[in-house]
Each structure stands twice: as structure tokens, then as C-alpha cells.
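# Reading the structure
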Amino acid sequence: MASFSGSNRPYAPSAPPASDPNEPRVAYPYQPSQPPSNPSLPYASITHTGHTQSSSGSSFGSGLPPQGYGYYHHHQPPPQQNVYSAFPPGTHPDVIRSFQMVDRNQNGFIEETELREALAWNYQKFSLSTLRFLIFLFRDSRESSSRIGPKEFAAIWSCLSQWRGIFERFDRDRSGRIDAMELRDALYSLGYAVPPSVLQVLISRYDNGSGRRVELTFDSFVECGMIVKGLTEKFKEKDPRYTGSATLTYDTFMSMIIPFLVAD
């Protein structure tokens, strides 16, 4: 594995960006975000289920009691909606099953501890810090609480599938860890050209003070990547032409940064 250096040598990533060949190239330092083009799991259709409502008549065989003397007026409850139908069409059954197994109250939402349990079956047990970043970046913007639904869970699952492939691509010695230069190249392949000064700040987050070379697990890689992804997407909102520069007010800047400090 390569060691990190703060020298000013030219940027020479060991692998080219994994961009969509059908998308036009864009300006430094990032590419437009796009969903993974090749999910690792095969897709299968969802079978939607529903409930039928009984007839409101009082004849034999109806679902309501007689309406005569001695009986109170009975209101038939509305048909229950299948909350899991909110999964995107083509979502793999394993993804739906993982969500259902942790959504014990079957309200169609899960929180960070349930997300950790669901992801542990296919990926690993992520830290709470990483989970909070995932929920913060993928949750519905209209949702004020720290929870996600089927659509957001499927997006997280797909993103982690893509990122695990990138991590394994740069973990050449199969140690389960990558160093600073491999992190730089991995982020570059995802479309984020992180400058050395910023990379050093990111790496210092995982320095335990032992003096040893800092290496990142997949959990740390996802956490680090979510910080870069989230801040880049926020910046791109102010840089619609992808020039790599934007003018921000102090209020806007603080509004962009503070959520990432709070989510940590």
C-alpha cells in the first residue's frame, strides 16, 4: 500500500474515475452524482399485496353484523395499505426482507439501531457515526426525525453495494483496510477529486495517536466518503455549472457545515 505524503507532486491516481461513458465529462473537481449503473444484486419484481373491504350490506355472508335492535352501528375499518409497496420497482427481495425483519412495529420506518441490524446481515456492523451520516444524507428531506422508509433504505443498500466494490478494488492486499493514497484514489473513482490538504484533515480523523500509518476499514471509508459526498452535493447546489467555485454567504456556509458536525 502506498504511504501518504504532503508533497506537491502531480495528482496521478492509480485508477481512472468509474464514470458512466454515456455521460459527458464535466469540470474539475467533481462529477454529477448518479445512481449506480450495475447493482451487485440481481433484480426481481415485487409482488404487491392488498386487502379487500367487506360489503356493507346486512345480508347473509356479509362482513358486518345485523343493523337491527340490540346492535351498535359498526364502522368497517379502511383497507390497510401495504407500507412495503413503497420500495422502488425491481428492488431485490433480500433488500425488502432485511427491512421487514427489523421493522418490528410494521410502520414502514426504521431508525439507526434498526438500520445497523439490517445492514449487518449483508455488509457489517457499522458505527453509529456512520449510520447517522447515512440517515442524514438519504432520508426524505420532508422527514424531520432520524428515520428512513423503504425507498431510502433501498438507496442506502445500493450505495453501499457500489462503495464496497470500490473499497475492495483499492484494497489490493485484501487486508480489509486502505491507506491515505488508496482512499484518495477510491474517492477519485467515485468522482471526488479531494485536494491533499482536505485529504490530510480527513485522515487525521482516524489517527489514534500511536504514530502508525493511518488505515481505514470499510466502515471508516463509508463515513469518510459520506462526509465528502454530502458536502460536495451541498456545494454543487451553489455551483450548477460545475466550475469548482461558488460564492457563499456566511449564513449559507454555516447551514451547509453545521449539519455534518451535528450528525457526527
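Description of the structure in this document. The model shown is predicted, which means the values in this text are computed figures rather than measured ones.

So, about the pattern of salt bridges. The tally for this structure, following the rule as stated, stands at eight salt bridges. For Asp185, the salt bridge is made with Arg184, and the minimal N-O distance between the two is 3.2 Å. In this structure, Asp185 and Arg184 share a single accessibility class: buried. One salt bridge in this structure joins Glu215 and Arg213, with 3.3 Å as the shortest N-O distance. Given a relative accessible area of 46%, Arg213 falls into the partly exposed group.

This part covers a nonpolar patch on the surface. A cluster of nonpolar residues, Ile258, Leu261 and Val262, forms a patch on the protein surface that exposes about 290 Å² of accessible area. Locating Val262 in the fold gives a position in helix α8 (residues 250-263).

In terms of nonpolar packing, the biggest core is built from 50 residues, with Leu115, Leu119, Leu134, Phe153, Leu183 and Phe221 touching the most fellow members. Of all the secondary-structure elements, those providing two or more residues to this core are α1 (93-102), α2 (112-120), α3 (128-138), α4 (150-170), α5 (180-189), α6 (196-204) and α7 (218-236). Tallying contributions element by element places α4 first for this core, with ten residues.

Scanning all chains against the criterion turns up eleven aromatic pairs. Ring plane angle 45° and centroid distance 5.6 Å describe the contact between Phe167 and Phe221, whose orientation is recorded as tilted. Remark: Phe221 occurs in helix α7 and Phe167 occurs in helix α4; sequence separation between them is 54 residues. The exposure class assigned to Phe221 is buried, which follows from its relative accessible area of 0%.

Each value, and the rule that gives it
- Numbering of residues begins from 1 in every chain and follows the order in which that chain's sequence is written.
- Whole-chain, interface and lining totals are the exception, using all residues; otherwise, since this is a predicted model, local features are given only for residues with pLDDT of at least 70 and side-chain atom pairs are given and counted only at 80 or more.
- Water and hydrogen atoms were dropped before computing side-chain values, which therefore reflect all heavy atoms in the structure.
- Salt bridge, as used here: a side-chain nitrogen of Lys or Arg that lies within 4 Å of a carboxyl oxygen of Asp or Glu.
- Here's how the labels work: a residue is buried when its accessible area is under 20% of the maximum for its type, exposed when over 50%, partly exposed in between, all with a 1.4 Å probe on protein chains only.
- The patches reported here contain residues having more than 30% relative accessible area and no salt bridge. Joining distances are 9 Å for like charges and 5 Å for nonpolar side chains (Val, Leu, Ile, Met, Phe, Trp, Tyr).
- Computed with the Shrake-Rupley method and a 1.4 Å probe, the accessible areas treat only the protein chains shown as cover for residues.
- Comment: elements are numbered from the N terminus, with helices defined as DSSP H or I runs of at least four residues and strands as E runs of at least two.
- Nonpolar core, defined: a set of buried Ala, Val, Leu, Ile, Met, Phe, Trp, Tyr and Cys residues in which side-chain atoms within 4.5 Å join the residues together.
- Side-chain rings of Phe, Tyr and Trp (the six-membered ring for Trp) are treated as a pair once their centres are within 6.5 Å; stacked means planes under 30 degrees apart, edge-to-face means over 60, and tilted covers the remaining angles.

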